[in-house]
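Residue-level structure breakdown
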Amino acid sequence: MLTFIGLGLYDEYDISVKGLETIKNADKVYLEFYTSHLFGTTIENMEKLYGKKVHILKREDVEQYPDWIDEALDKDIVFLTGGDTMVATTHVDLRIRAIDKGIKTSVVHGASIASAVCGLSGLQNYRFGKSTTIPFSYTTSRGKKIISEAPYDTIKSNFEQGLHTLVYLDIDMEKGYMTINKGLEILQEIDKNRGNNFIEDKVSIGIARAGSDNPSIKADYIRSLIGFDFGEPLHIIVIPGPLHFIEAEALVKLADGPEQILEQT
Ligand SMILES: C[S@@+](CC[C@H](N)C(=O)[O-])C[C@H]1O[C@@H](n2cnc3c(N)ncnc32)[C@H](O)[C@@H]1O
């Protein structure tokens, strides 16, 4: 059996009781931390809680050479991921590969950033459109800077349909964890390059360390939010569409948002 287990958002205690029991009964424990990360713990603390060694997998071990799943043909193998294992990951591909090999699979769900943003900001889950990820820009061998404009287009299209956008921020082994400030700078740069004024006067919400005892949550116009210090990772951005009056009130009261947004509903 191959069991996919979501670890939740911040530390080793965010896992469900079902997830913890499944790990304790497993023959072997694998984990990937390239799609998300639990900043409130360490591998040593996790191993102590589980009473088991945790084997860390790199992206290529999961996406290109997942030979290790063969062990699940006759053993109980668990595969751990931050958040919910199937939210904003490609792990369904691994599950399908396992099924095609005749391996039994199951999923133990975890708390996800996708729902935590609603809990922390008061925005309504059913008013979100397609989510997106802002990747780090890179420079080609000829010195040209490449910025993906897809996140900007997704945000604009959602906004025009009256929907909010959840904006995941890139995790890169070399460049690190993208901050809210960097993500907003990238959106601003695309806006400027296109000669638009779409981003500047939008309200945006930054959330850092969801699931911890000291999450940082702040709503403001992007021109002000871009200089706000959110502290340690992980960070995420929400760019809301037109706000329902209860959402606007929640942003003022839960996210220290500017009172002017109450007048815009
Ligand atoms: C690719 S998504 C994976 C989401 C994960 N599977 C889940 O269900 O929570 C990872 C991104 O979500 C955001 N994120 C995840 N956990 C977070 C947290 N605790 N606080 C703030 N942002 C978080 C960050 O932008 C991070 O780079």
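Just so you know, these numbers come straight off a predicted model, no measurement behind them.

1. Some thoughts on the pairing of strand 2 (residues 28-32)
Among the five residues of strand 2, four are classified as buried, and the element is accordingly described as predominantly covered. Sheet topology places strand 2 next to strand 4 (residues 77-81); five bridges connect them, and they run parallel. In the strand pairing of strand 4, Lys 28 is matched with Ile 77. For strand 2 and strand 3 (residues 54-57), the ladder comprises four bridges, and the chain directions are parallel. Bridging from a neighbouring strand, Glu 32 pairs with Leu 57 of strand 3.

2. Examining the site of the ligand
Around the ligand lies a shell of 20 residues, among which Asp 84, Val 87, Ser 112, Leu 169 and His 235 are the nearest. A total of 570 Å² of accessible area belongs to the ligand in isolation, and the protein chains cover 95% of it. Its atoms largely coinciding with the cavity grid, the ligand occupies the largest pocket. Those elements that place two or more of their residues in the shell around the ligand are strand 9 (165-169) and strand 14 (235-239). Its residues assigned to classes, the shell around the ligand comprises 11 nonpolar, seven polar and two charged. A domain split of the shell around the ligand shows at least three residues from each of domain 1 (2-111) and domain 2 (114-264).

What counts and how
Residues numbered from 1 in each chain as written. Predicted model: local features only at pLDDT ≥ 70, side-chain atom pairs only at ≥ 80, totals over all residues. Heavy atoms only, no water. Buried < 20%, exposed > 50% of the residue type's maximum accessible area, 1.4 Å probe, protein only. Helix = DSSP H or I, 4+ residues; strand = E, 2+ residues; numbered from the N terminus. Pairing = 2+ DSSP bridges. Near = heavy atom within 4 Å. Areas by Shrake-Rupley, 256 points an atom, 1.4 Å probe, with all protein chains shown as cover. 1 Å grid on protein atoms, 1.4 Å probe; cavity = no way out; pocket = protein on both sides within 12 Å on 5 of 7 lines; lining within 4 Å. Sits in = over half its atoms within 2 Å of the grid points. Nonpolar A, V, L, I, M, F, W, Y, C, P; charged D, E, K, R; others polar. Domains from an automatic or database assignment.

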